Amino acid sequence: MTDSAPQPKIVVERLSIQYDDGAESLREVSLAIPANQITVLFGPAGGGKSTLLRAINRLNDLVDGVRTTGKILLDGKEISGSGVDTTALRRRVGMVFAQPVPLPMSIRENVTYGLELAGMRDAKRKEGAVEKSLRAAALWEEVRDRLDAPAVALSGGQQQRLCLARALALEPEVVLLDEPTSGLDPISTAKVEESLQEIKREYTIVIVPHSVQQGARIADYAAFFLQGELVEHGPGPQIFLAPKDKRTHDYVTGRFG
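Residues numbered from 1 in each chain as written. Predicted model: local features only at pLDDT ≥ 70, side-chain atom pairs only at ≥ 80, totals over all residues. Heavy atoms only, no water.

Participant: Help me understand the environment of Ser 106 in this model?
Facilitator: Within the element layout of this structure, Ser 106 appears in the loop between β6 (93-96) and α3 (107-117). Linking Ser 106 and Ala 153, residues 47 residues apart in sequence, is a C-alpha distance of 9.4 Å. Residue contacts for Ser 106: discarding those within four places in its chain leaves Leu 147, Asp 148, Ala 149, Pro 150 and Ala 151. Here the side chain of Ser 106 touches Glu 109 through a polar contact of 3.0 Å, landing on its backbone nitrogen. (Helix = DSSP H or I, 4+ residues; strand = E, 2+ residues; numbered from the N terminus. Contact = heavy atoms within 4.5 Å. Polar contact = N/O pair within 3.5 Å; in protein donor to acceptor, adjacent residues only side chain to side chain.)

Structure representation (structure tokens):
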């Protein structure tokens, strides 16, 4: 990243999230997430990283007893208000979870499922989307000759990349990933990381990595969370190699966590 700050795609303003039992997941978090970069949210378990991801595409709305204050803006427009079309928002902001969940369909149908729900009927366009998204997820060469095979027959690493392709098929502007390689072998992990470096040209990526080492490898921008607080954020190399806050330094050097 250059010294000039890139244009933010998402702006979080004084976001606090609290549950009915009194547990506070996020506390007064303010953060600008740059466009067409990989932003890494990292820190010990329970720090609020996944909660922030879910807040960005309103998945927290599906949980009872969650109180949210503050704002989240996408391209300058608030997405945290009551009048927002959450279905349209989730098309713009896709999400991939830690455990791959392929649909009980063929590989091809997994990719086109969301497109068909969105009303796409043109077979040629759907086929084009299948190839484009599978290529972007670094899976095309491995499955191009068996697109009608069951998706559940794929390896775990392939299933995870298929889930990424399924999200990309809808052409979102933002891709959220919550520990997407936590259950993968090193080779599959490397393929997913390579894919992310390619697709950031077209998408804004926000990821909770499965380790500090992964975060350091892929981060253009990084934010360290501890017990619901955003401790420090900035360019990835600075945060991982020369953090300003002692808590960040202690965490990245393995002193705790």
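On we go.
Participant: Even after reading the chapter, I still don't get helix α4 (residues 123-136), so can you show me in this structure?
Facilitator: Note that an α-helix has 3.6 residues per turn; residues three or four places apart therefore point the same way. Compared with an ideal rise of 1.5 Å per residue, which puts 14 residues at 20 Å, α4 spans 20 Å between its outermost C-alpha atoms and is within 8% of the ideal. Within the span of α4, buried status applies to Lys 126, Ala 129, Val 130, Ser 133 and Leu 134. Viewed along the axis of α4, the buried residues span an arc of 115°, placing them on a single side of the element. In α4, the exposed residues that point more than 90 degrees away from the buried face are Lys 124 and Arg 125. (Expected span 1.5 Å × (residues − 1). Buried < 20%, exposed > 50% of the residue type's maximum accessible area, 1.4 Å probe, protein only. Arc of directions from axis to C-beta.)

Coordinates in, geometry out; function isn't part of it.
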